[in-house]
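Listed below, chain by chain, are the residues.
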Amino acid sequence: VQLQASGGGLVQPGGSLRLSCEASERTSSRFVMGWFRQAPGKEREFVSSFRFSGGYTNYAESVKGRFTISRGNAKNTVYLQMNNLRREDTAVYYCVASSTVIQSNLASASAYGAWGQGTQVTVSS
């Protein structure tokens, strides 16, 4: 599976951005796509996930109520709508996908076999 992410950029605190990620194929009914991020000098961290079967979503506590992950109009596409952005949201955001990740491992980077190239999100005034 190949992933193509887009939509990063520079935004002021309180602003919004939408990230998009398209997968080359959906390999099973249990297909999950999501996002991780990594800020300079910090560990890579889970942001959100979307399970196509059932539309189940998960979020990191730090983004709940501000970020929304959803299915895109195009097949095998997910969006990450990021509202009320904060300086601490600044990071490289990576799209991920897996057909085998289980519910208890959704926040584990090692559970995802496919990674996109990363897109920079900078929140600054």
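We now turn to the structure provided with this report. (Residues numbered from 1 in each chain as written. Predicted model: local features only at pLDDT ≥ 70, side-chain atom pairs only at ≥ 80, totals over all residues. Heavy atoms only, no water.)

1. Looking at the layout of surface pockets
In this model, the largest pocket occupies a volume close to 160 Å³. Taken together, 14 residues make up the lining of the largest pocket; nearest its centre are Arg37, Ala39, Lys42, Glu45 and Glu88. Taken together, the residues that form the lining of the largest pocket break down as two nonpolar, three polar and nine charged. (1 Å grid on protein atoms, 1.4 Å probe; cavity = no way out; pocket = protein on both sides within 12 Å on 5 of 7 lines; lining within 4 Å. Points joined across faces, edges and corners; volume = space filled by probe spheres on them. Nonpolar A, V, L, I, M, F, W, Y, C, P; charged D, E, K, R; others polar.)

2. Description of the pairing of strand β4 (residues 32-38)
Sheet faces and side chains relate simply in a regular strand, where the side chains alternate between the two faces. Most of β4 sits inside the fold, with six of its seven residues counted as buried. Here β4 pairs with strand β5 (residues 45-51) via six bridges, running antiparallel. The residue of β5 that forms the bridge with valine 32 is arginine 51. The hairpin formed by β4 and β5 contains six residues between the paired strands, and glycine 41 there has a positive phi angle of roughly 75 degrees. Where β4 lies against strand β9 (residues 91-98), seven bridges are found, and the strand directions are antiparallel. (Buried < 20%, exposed > 50% of the residue type's maximum accessible area, 1.4 Å probe, protein only. Helix = DSSP H or I, 4+ residues; strand = E, 2+ residues; numbered from the N terminus. Pairing = 2+ DSSP bridges.)

3. Here's the deal with the state of the cysteines
Applying the stated criterion across every chain, the model contains one disulfide. Each disulfide pairs two cysteine sulfurs, and for cysteine 21 the partner residue is cysteine 95, the sulfurs being separated by 1.9 Å. Between cysteine 21 and cysteine 95, the S-S torsion sits near -90 degrees, and that sign places the bridge as left-handed. Placement of the pair is cysteine 21 in strand β3 (residues 17-23) and cysteine 95 in strand β9, with a sequence separation of 74 residues. (Disulfide = S-S within 2.5 Å.)

4. Re the environment of glutamine 103
Looking at the element boundaries, glutamine 103 is found in the loop between β9 and β10 (114-115). The class of glutamine 103 is partly exposed, set by a relative accessible area of 48%. It is 21 Å that separates the C-alpha atoms of glutamine 103 and cysteine 21, two residues lying 82 residues apart in sequence. Beyond its immediate stretch of four places on either side in the chain, glutamine 103 contacts Arg51 and Asn58. Side-chain polar atoms of glutamine 103 contact the side chain of asparagine 58, separated by 3.5 Å. (Contact = heavy atoms within 4.5 Å. Polar contact = N/O pair within 3.5 Å; in protein donor to acceptor, adjacent residues only side chain to side chain.)

5. Re the packing of aromatic side chains
Tallied over the entire structure, the rule returns six aromatic pairs. An angle of 40 degrees between the planes, with centres 6.0 Å apart, marks the rings of phenylalanine 31 and phenylalanine 52 as tilted. With a gap of 21 residues between them, phenylalanine 31 in the loop between β3 and β4 and phenylalanine 52 in the loop between β5 and β6 (56-59) connect regions that are remote in the sequence. On the basis of relative accessibility, which here comes to 1%, the residue phenylalanine 31 falls in the buried class. By way of ring pairs, the aromatic residues Phe36, Phe46, Tyr94, Tyr112 and Trp115 are connected into one cluster. One residue, arginine 18, lies across the ring of tyrosine 79, its end atom 3.8 Å from the ring centre. (Phe/Tyr/Trp six-rings, centres within 6.5 Å; stacked < 30°, edge-to-face > 60°. Lys NZ or Arg CZ within 6 Å of the ring centre and 35° of its normal.)

6. Here we look at the sheet that holds strand β1 (residues 3-6)
Taking strand neighbours across the sheet as the criterion, the four strands line up as β1-β3-β8-β7 in an open arrangement whose pairing is antiparallel. Either end of the sheet is taken by a strand with one partner, and the two such strands are β1 and β7 (67-71). Going across the sheet, the axis of each strand differs from the next one's by a mean of 15 degrees, ignoring polarity. Summarising the sheet, β7 and strand β8 (residues 77-82) pair through five bridges and their orientation is antiparallel. Pairing of arginine 71 across the sheet is with valine 78, part of β8. (Axes fitted to C-alpha atoms, helices over the stretch in contact; angles between N-to-C directions.)

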